[in-house]
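Understanding the architecture of this molecule
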Amino acid sequence: MAKSGSTATDPKTPFIAGILSWLVPGAGHYYLGQRARGAIIFFTICNTFLLGVILGGKEMIDPHHAKAWFCAQALTGTPALIGALAQNSQYSINGIYGRGVDWGQVYAGVAGLLNLLCILDVVMHRALPLPSKKIPPERNKPS
Amino acid sequence: MTQSLFILGQLFSQPLDIPTSALSFLWTLPICLSISLIYKAIKLETIEPRMFVREVALLFITIVGFLIIVAIVLLGIAHLAGQL
């Protein structure tokens, strides 16, 4: 299993990697030295989120009227926070609807949930030390 | 230059007008590709370009294949329900 060498034994590393992974998709893997993996995650999640914003407009990131979707979108970290800050106040009363908005919410939500998968991977799998294999004691065969 | 920036700004501020048609389901394909890419990026222990592309393509085809099967089954159920 490919693991980063010195970081595997540092107890703070999983936490930092998880936070980095949430803030910038793929940054946690990059931090652990898995640059190719981090780059793939970064470009995939950012492009999925960006396509969602193009489809639904920035107003589809709606913490008021689409709370469940926003929870999923917020898992992308910085991109979702920028989107939430860029909200146009004229839509804050009635919300914004349409087929494009629906698809946009799905794209951005899926991007967030995929990033959750990456956060869990970096915290629970990549950053932790390898579990030592337990060798079962040899049983004495009955003579 | 200003016009380009305006068009770029419009791209992110106005939702796209996607018609309610069967073709709009093609928008699932980029999501399937994203899921395949992320899943294989996490699952594979070493990232080798040729093997990675092959694995991603295989998973993408599997997901799309199952979606098509589900769509056909649902279409059949809807067709039968319409005849009753």
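1. Looking at the overall build of chain A
Of regular secondary structure, chain A possesses six helices and zero strands. Residues classed as buried in chain A amount to 48% of the 143 residues present. Residue pairs in contact within chain A that sit at least 24 positions apart in sequence constitute 76% of those at least 6 positions apart.

2. Re the overall build of chain B
For chain B, the helix and strand inventory stands at three helices and zero strands. In sequence order, the secondary structure elements of chain B are arranged as α-α-α. Relative to the globule expectation of 12 Å for 84 residues, the C-alpha radius of gyration of chain B, 19 Å, shows a markedly less compact shape. Dimensions of chain B along its principal axes, counting C-alpha atoms only, are 60 × 40 × 15 Å.

3. A short note on the nonpolar core
In this structure, Tyr107, Ala108, Ala111 and Leu114 of chain A together with Ile38 of chain B are the most contacted members of the largest nonpolar core, which totals 40 residues. Mapped onto this core, the elements with two or more residues apiece are helix H1 (13–23), helix H2 (27–31), helix H3 (35–56), helix H4 (67–74) and helix H6 (99–126) of chain A together with helix H2 (28–43) of chain B. Looking at this core element by element, the count peaks at eleven residues for H6 of chain A. Contact partners of Ile38 of chain B, with chain neighbours within four places excluded, come to Ile41, Thr44, Leu114, Leu117 and Cys118 of chain A.

4. A short note on the environment of His125 of chain A
With respect to the secondary-structure elements, His125 of chain A resides in helix H6. Distance from His125 of chain A to Val53 of chain A, taken between C-alpha atoms, is 31 Å for residues 72 residues apart in sequence.

5. Observations concerning the interface of chain B and chain A
Each side of the interface is counted separately: chain B has 22 residues, and chain A has 29 residues. Of all the elements in the fold, those that place two or more residues in the side of chain B that touches chain A are helix H1 (2–13) and H2 of chain B. Per-element tally for the side of chain B that touches chain A: the top contributor is H2 of chain B, with eight residues. Residues belonging to the side of chain B that touches chain A are distributed by class as follows: 14 nonpolar, six polar and two charged.

6. Considering H1 of chain B
Over its twelve residues, H1 of chain B extends 16 Å from the first C-alpha to the last, a length consistent with the 16 Å expected when each residue adds 1.5 Å. The buried count for H1 of chain B comes to zero of twelve residues, which makes it a mostly uncovered element.

7. Considering the environment of Val101 of chain A
Residue and element names in this part refer to chain A. As for its position among the elements, Val101 is in helix H6. C-beta crowding within 10 Å serves as the criterion here: with 23 such atoms nearby, Val101 is assigned to the buried category. Remark: the alpha-carbon pair of Val101 and Gly57, spanning 44 residues in sequence, is separated by 7.0 Å.

8. Let's talk about the confidence of the model for chain B
Across chain B, the average pLDDT comes to 88, with 100% of residues at or above 70. Scored as a whole, the predicted complex attains pTM 0.79, and scored at its interfaces, ipTM 0.83.

9. Regarding the packing of H6 of chain A against H2 of chain B
Close contact between H6 of chain A and H2 of chain B brings their axes to 10 Å; oriented N to C, the two are set at 5 degrees. In terms of orientation, H6 of chain A lies roughly parallel with respect to H2 of chain B. Of the residues in H2 of chain B, those in contact with Tyr107, Val110, Leu114, Leu117, Cys118 and Asp121 of chain A of H6 of chain A are Ile31, Ser34, Ile35, Ile38 and Ile42 of chain B. When grouped by side-chain class, the residues that make up the contact of H6 of chain A with H2 of chain B number nine nonpolar, one polar and one charged.

10. Focus on the confidence of the model for chain A
Looking at chain A as a whole, its pLDDT mean stands at 78, while 73% of the residues score no less than 70. Mean pLDDT in chain A bottoms out at helix H5 (residues 78–85) of chain A, which sits at 82, and peaks at H3 of chain A, which reaches 92.

11. Some words on the environment of Phe52 of chain B
All names here are of chain B. Among the structural elements, Phe52 can be located in helix H3 (residues 49–83). Taking the C-alpha atoms as reference, Phe52 lies 11 Å from Ile38; in sequence the two are 14 residues apart. If we ignore the near neighbours within four places in the chain, the residues touching Phe52 are Lys40, Leu44 and Ile47.

Cut-offs and rules
- All residue numbers refer to position in the chain's written sequence, counted from 1.
- Lettering for chains starts from A, numbering for ligands starts from 1, and both go in the order in which the items are written.
- It should be noted that, the model being predicted, local features are given only for residues of pLDDT at least 70 and side-chain atom pairs only at 80 or more, the latter also being counted only at that level, while totals for whole chains, interfaces and linings use all residues.
- The numbering of helices and of strands both runs from the N terminus, where a helix is a DSSP run of H or I of at least 4 residues and a strand a run of E of at least 2.
- Think of it as a crowd count around each C-beta: if 20 or more other C-beta atoms lie within 10 Å the residue is buried, if 12 or fewer it is exposed, and in between it is partly exposed, with C-beta placed from the backbone throughout.
- By the convention adopted here, residues are in contact when the distance between their C-beta atoms, placed from the backbone, does not exceed 7 Å.
- The size measure is the radius of gyration over C-alpha atoms, and the globule rule it meets is 2.2 Å times the number of residues to the 0.38 power.
- Here, a nonpolar core means buried Ala, Val, Leu, Ile, Met, Phe, Trp, Tyr and Cys residues linked by C-beta atoms lying within 7 Å of one another.
- Just so you know the grouping, Ala, Val, Leu, Ile, Met, Phe, Trp, Tyr, Cys and Pro go in nonpolar, Asp, Glu, Lys and Arg go in charged, and all remaining residues, Gly too, go in polar.
- Expected span of a helix: the number of residues minus one, times 1.5 Å.
- Scored from 0 to 100, pLDDT reflects the predictor's confidence in each residue.
- Angles run from 0 to 180 degrees between N-to-C directions of axes, and those axes are lines fitted to C-alpha atoms, restricted for helices to the stretch in contact.
- When an angle is under 35 degrees it counts as roughly parallel; over 145 it counts as roughly antiparallel; between 65 and 115 it counts as roughly perpendicular; any other value is oblique.

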